[in-house]
Protein chains: 4
Amino acid sequence: MLEIWKQLVCDANKALKDLQLVKWTSGNVSYRDYESNKVVIKPSGVHFDVLKPEDMVIVDLDGNVVEGRLKPSVDTASHLYVYRHRDDIHSIVHTHSPFATSFAIRGMDIPSYTTTAANLFNDRVPCSDFAAIGEEDIGKQIIDHISDSSAVLLRNHGVFTVGKDIEHALKAAVILEETAEYAHYATLHEPDLQPLSKEVIRQCSYFYKTAYGQKEENKL
Amino acid sequence: MLEIWKQLVCDANKALKDLQLVKWTSGNVSYRDYESNKVVIKPSGVHFDVLKPEDMVIVDLDGNVVEGRLKPSVDTASHLYVYRHRDDIHSIVHTHSPFATSFAIRGMDIPSYTTTAANLFNDRVPCSDFAAIGEEDIGKQIIDHISDSSAVLLRNHGVFTVGKDIEHALKAAVILEETAEYAHYATLHEPDLQPLSKEVIRQCSYFYKTAYGQKEENKL
Amino acid sequence: MLEIWKQLVCDANKALKDLQLVKWTSGNVSYRDYESNKVVIKPSGVHFDVLKPEDMVIVDLDGNVVEGRLKPSVDTASHLYVYRHRDDIHSIVHTHSPFATSFAIRGMDIPSYTTTAANLFNDRVPCSDFAAIGEEDIGKQIIDHISDSSAVLLRNHGVFTVGKDIEHALKAAVILEETAEYAHYATLHEPDLQPLSKEVIRQCSYFYKTAYGQKEENKL
Amino acid sequence: MLEIWKQLVCDANKALKDLQLVKWTSGNVSYRDYESNKVVIKPSGVHFDVLKPEDMVIVDLDGNVVEGRLKPSVDTASHLYVYRHRDDIHSIVHTHSPFATSFAIRGMDIPSYTTTAANLFNDRVPCSDFAAIGEEDIGKQIIDHISDSSAVLLRNHGVFTVGKDIEHALKAAVILEETAEYAHYATLHEPDLQPLSKEVIRQCSYFYKTAYGQKEENKL
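Analysis parameters
- Residues numbered from 1 in each chain as written.
- Chains lettered and ligands numbered in written order.
- Predicted model: local features only at pLDDT ≥ 70, side-chain atom pairs only at ≥ 80, totals over all residues.
- Heavy atoms only, no water.
- Contact = heavy atoms within 4.5 Å.
- Salt bridge = Lys/Arg side-chain N within 4 Å of Asp/Glu carboxyl O.
- Helix = DSSP H or I, 4+ residues; strand = E, 2+ residues; numbered from the N terminus.
- Nonpolar A, V, L, I, M, F, W, Y, C, P; charged D, E, K, R; others polar.
- Buried < 20%, exposed > 50% of the residue type's maximum accessible area, 1.4 Å probe, protein only.
- Core = buried A, V, L, I, M, F, W, Y, C linked by side-chain atoms within 4.5 Å.
- Phe/Tyr/Trp six-rings, centres within 6.5 Å; stacked < 30°, edge-to-face > 60°.
- Pairing = 2+ DSSP bridges.
- Axes fitted to C-alpha atoms, helices over the stretch in contact; angles between N-to-C directions.
- Disulfide = S-S within 2.5 Å.
- Buried area = accessible area lost by both parts, 1.4 Å probe.
- Polar contact = N/O pair within 3.5 Å; in protein donor to acceptor, adjacent residues only side chain to side chain.
- UniProt positions renumbered as here; feature names shortened; annotations may be inferred.
- Least-squares fit on C-alpha atoms with pLDDT ≥ 70 in both.

Colleague: How do you make sense of the interface of chain D and chain C when you look at a structure like this?
Modeller: Note: interface size is frequently given as the accessible area lost on complex formation between the parts. Contacts between the two partners involve 30 residues from chain D and, on the opposite side, 32 residues from chain C. Where chain D touches chain C, the interface holds one salt bridge. Two residues, Arg106 of chain C and Glu190 of chain D, come together in a salt bridge whose shortest N-O distance is 3.1 Å. Within the residue set of the side of chain D that touches chain C, elements represented by two or more residues are helix 4 (115-121), helix 6 (166-189) and helix 7 (198-211) of chain D. The element that contributes the greatest number of residues to the side of chain D that touches chain C is helix 6 of chain D, accounting for twelve residues. Split by residue class, the side of chain D that touches chain C holds 17 nonpolar, eight polar and five charged.

The following block contains the structure:
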């Protein structure tokens, strides 16, 4: 079942490595199918290089394994918590990308300093409180803090990004690390650097939603 | 029409990714043909990996699409504004390369600290004021600030570089990021670091124009 | 003899380069066979790219070369010292990975700021005193400082990580550099940043040992 | 003539790019043949990717082109100045590697903080005064400042490393950038960081010369 999604979730997990967002076996991508509401997720502690579509685990929203011989990611309960509380989210990406994680260690939000950040994260990437790993505490922190952003810094741990599909959640993970990188550089020189104004952020967000990219039927 | 330029502009856009100057779909290269004055530019929001020459969009200097089934880059009006106001510019590159963008966030020029920077940017890479995306406001900022440099930092957004051909605009994008990288490192230690003197900058600029590289007929 | 281990130690040494933890010929991996107690180690000063399984050197715990036509790593006596003093350690990795080495230059421990670091290093990666190269002084520093961590910063030199097998020692080397990277970024902004509490570290460590990864028979 | 050296110098120039020490066309490697005293050097302003052995230029120590249809590097006169003043130097590498160049911009020596640095650079990598490009002013700065190090930071420009052969000069360029990288990180936290003592530096230097690597006949 869900063969196409096992392939795409497997590809997305491998993409995390190619995009240099993860090291060793840390990090994962999941996808919630629009029709069945079943969730496809990476197995726990497996190297990205050897991952195959048939290794993906399918669970229902209550966490029952529906298909797959391997144990799902230790973050599964938290992914499911997010899916149960936000109908609009159909993909979640988790990484420890280093610039973003350095803000998570400090418990600092990343305000939007660029038009690109404003487009994806509105006025900021919020930082959550600390949550224990396993169970759904991380999921609760994501829901409590994400608001209208598409990313959350998980205190003393790493980052989670979300989207209406895998493409959007992956893009948020890539742009989050880029955003954290130049925010780190710039605020080293100017700790009190002013972010974009709310008015500019609103305009950017509107512009990207209406004018950027190709019409659906022309997407490559 | 302009088949060779669609190939070269496509290659140059892909080169941005290989040169690690862009992430996801952000960034673009355009070229203005010396004969027809038509401009070849990347389509909006398309991944660099899948870009093909036939995806390139050809527009005239007034922004009318002359050829191509895809929507051109959202920065097209700004590229055209620059081409209309500077006869010597035939290629424009746009990226969000992280070290340079960190200066753009701070609204800081990058003074020339090295002979290589002096060669390409004269005494500095200027930083513009903020401009909204879409339409030609970004182009106006470039024209207002670039002077005799070959790069502009666009406030709270990213960078634009220019050249008499694709090779020169791409080179400026590469050397700009390298310049921003070591300027960032050095000024973290010494915020008031002295740039090169105007006399040295003039000499460097003259030297590179007269002595560097191969004669036209020996270019590889 | 030990043909399979010569292959695996050779692969692990080459992996150091692919993982961007070493440059030129610096760095090495060794493995102590559970049955024979013989140690397989990289030869001295050989480039990772040209390394072949038959170039590996096999020594006993007293340092006698048992097999191999090349000189073993100059760090061999120190690897052996560690193996003789810790029955649980069966693989050692040595690198000069730059973020971790920057802490070693300062003589600074790296406290655990993230759940991932707590899992591998408990409350910190300790920094040793200075030791001369050659002979077993480096080994003594490792044993004196490592305690229940899986990594030591060797003062003014580089890093050593250990594990019950090659996989664990390599993982520690990868996660150590990642940990040092975000610790560097975060403490530049906040030199007095608080690490995780001992209670959280204890919980993380327990969680990873009991819940992370696949059952032995399902490992890929 | 010198066919083997044209191949090796070409390979070494390409290696600069693979080792991420150069961008675009900046940087070069030369070699002085032990028998003929002729110097093989990269042509000026040519991309590393397209460089072929037959593009290399051969000059005598007075700068007369002996073979080659292309213009030699603009740094040729400076390479020759160094070769004429130091019999022991048979290869020179020039790059703008970013961490090292950030020290060159500041006019700061890099003291030896690690055993590896001490081995190659003795107590420090010295920084020269500013020299104009072209002619032999850069060569004079190198000779005036290099002493018993194997690298010089050229003020507001980049770096030069030297060796008895290509292998040693290339290694010095690689280790110089690594050294500059962790020196940059560490001194951001502790500007007055103490380097290694002269006694330790002397011991390291002696150790590496007598104990590191394989015997000549066993080199791979």
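Colleague: For this particular structure, what's the right way to read helix 3 (residues 98-106) of chain C?
Modeller: Since the α-helix turns once every 3.6 residues, residues separated by three or four places project in the same direction. With nine of nine residues buried, helix 3 of chain C lies mostly within the body of the structure. Of all the positions in helix 3 of chain C, only Pro98, Phe99, Ala100, Thr101, Ser102, Phe103, Ala104, Ile105 and Arg106 of chain C are classed as buried. Buried positions along helix 3 of chain C lie against strand 6 (110-111), strand 8 (151-154), strand 9 (158-163) and helix 6 (166-189) of chain C together with helix 6 of chain D. Looking one or two residues beyond helix 3 of chain C, the residue adopting positive phi is Gly107 of chain C, at roughly 70 degrees.

Colleague: Mind showing me how you'd approach the nonpolar core here?
Modeller: Counting 188 residues, the largest nonpolar core has Leu153 of chain A, Leu153 of chain B, Leu153 of chain C together with Leu153 of chain D as the members making the most contacts within it. If near-sequence neighbours (up to four positions away) are discounted, Leu153 of chain B is found in contact with Ala100, Phe103, Ala104, Met108, Ile110, Val125, Pro126, Cys127, Ser128, Gly158, Val159 and Leu176 of chain B.

Colleague: Can you help me understand the packing of aromatic side chains in this one?
Modeller: Each aromatic ring pair is specified by the distance between its two centres and by the angle formed by the two planes. Within this structure, the stated rule accounts for 20 aromatic pairs over all chains. With a centroid separation of 4.3 Å and 15 degrees between ring planes, the pair formed by Phe99 of chain A and Tyr185 of chain C is classed as stacked. Taken together, the residues span two chains, with Phe99 of chain A in helix 3 (residues 98-106) and Tyr185 of chain C in helix 6. The exposure classification of Phe99 of chain A matches that of Tyr185 of chain C, with both residues buried. Judged by centre distance (5.6 Å) and plane angle (75 degrees), the ring pair of Phe99 of chain D and Tyr185 of chain D falls under edge-to-face. Residue Phe99 of chain D is found in helix 3 (residues 98-106), and its partner Tyr185 of chain D is found in helix 6; the two are separated by 86 residues along the sequence. Judged by relative accessible area, Phe99 of chain D falls into the buried class, the value being 8%. With relative accessibility at 7%, the residue Tyr185 of chain D sits in the buried group. Taken together, Phe99 and Tyr185 of chain A, Phe99 and Tyr185 of chain B, Phe99 and Tyr185 of chain C together with Phe99 and Tyr185 of chain D form an aromatic cluster joined through their ring pairs.

Colleague: Looking at this structure, I do not really get the sheet that holds strand 9 (residues 158-163) of chain D. What am I missing?
Modeller: In a beta sheet, neighbouring strands are held together by backbone hydrogen bonds and run either parallel or antiparallel to one another. All names here are of chain D. Across the sheet, which stays open at both edges, the seven strands sit in the order 4-3-2-1-5-9-8 with antiparallel pairing between neighbours. Edge positions in the sheet fall to strand 4 (65-67) and strand 8 (151-154), since each of these pairs with one other strand and no more. Going across the sheet, the axis of each strand differs from the next one's by a mean of 25 degrees, ignoring polarity. Here strand 1 (residues 28-32) pairs with strand 2 (residues 39-41) via three bridges, running antiparallel. Opposite Tyr31, over in strand 2, you have Val40 as the bridge partner. Each of strand 1, strand 2, strand 3 (57-59), strand 4 and strand 5 (91-95) is contacted by helix 1 (residues 3-18), which is oriented at about 155 degrees to strand 1, the strand it contacts most.

Colleague: I keep staring at the state of the cysteines and nothing clicks. Help me out?
Modeller: Cysteine pairs can be covalently joined through their sulfur atoms, and such a bond is termed a disulfide. As enumerated under the stated definition, the model contains zero disulfides over all chains in all. Left unpaired, Cys204 of chain D is separated from the closest cysteine sulfur, that of Cys127 of chain C, by 16 Å.

Colleague: Just checking my understanding: could you explain the interface of chain B and chain A for this structure?
Modeller: Listed as interface residues are 32 residues of chain B and, on the opposing side, 30 residues of chain A. Regarding the contact of chain B and chain A, the summed buried area is about 3,000 Å², with carbon and sulfur atoms giving 63% of it. Run the count over chain B and chain A and you get one salt bridge. Here chain B is connected to chain A by twelve residue pairs in polar contact (both at pLDDT 80 or more). Going through the elements one at a time, helix 3 (98-106) and helix 6 (166-189) of chain B are the ones with two or more residues in the side of chain B that touches chain A. For the side of chain B that touches chain A, the class distribution of residues is 13 nonpolar, 14 polar and five charged.

Colleague: Sorry, what's going on with the UniProt feature "domain: Class II aldolase/adducin N-terminal" (unreviewed entry) in chain A here?
Modeller: Taken from the UniProt record, the annotation "domain: Class II aldolase/adducin N-terminal" (unreviewed entry) applies to residues 7-184 of chain A. Helix makes up 38% of residues 7-184 of chain A and strand 19%, with an end-to-end C-alpha separation of 35 Å.

Colleague: How do you make sense of the pattern of salt bridges when you look at a structure like this?
Modeller: Residue and element names in this part refer to chain D. One pass over the structure, following the stated rule, counts 48 salt bridges over all chains. Where Glu199 meets Arg202, a salt bridge forms, and the shortest distance between an N and an O atom there is 3.2 Å. In this pair, Glu199 and Arg202 both sit in helix 7, three residues apart, roughly one turn of the helix. According to the relative accessible area criterion, Glu199 is partly exposed, its value standing at 42%.

Colleague: Mind showing me how you'd approach the sheet that holds strand 1 (residues 28-32) of chain C here?
Modeller: Residue and element names in this part refer to chain C. On the basis of which strands lie adjacent, the open sheet formed by seven strands has the order 4-3-2-1-5-9-8 and antiparallel pairing. Each edge of the open sheet carries a strand with a single partner, namely strand 4 (65-67) and strand 8. Averaged over all neighbouring strand pairs, the angle between strand axes comes to 25 degrees, with direction disregarded. Against the sheet, helix 6 makes contact with strand 1, strand 5 (91-95), strand 8 and strand 9, and its axis sits at roughly 145 degrees relative to strand 9, the strand it touches most.

Colleague: I tried to follow the relation of the copies chain D and chain C on my own but got confused; where do I start?
Modeller: Related by rotation about an axis and a shift along that axis, the two copies of the chain form a pair. The operation relating chain D to chain C is a screw motion whose rotation component is 90 degrees, with 0.0 Å of axial translation and a residual RMSD of 0.0 Å. Such a turn and shift between the copies fits a four-fold axis. When C-alpha positions in chain D are compared against the rotation axis, the closest is assigned to Leu188 of chain D, at 5.4 Å. Here only 7% of the interface residues in chain D have copies in chain C that are interface residues too; the copies meet through unlike faces.

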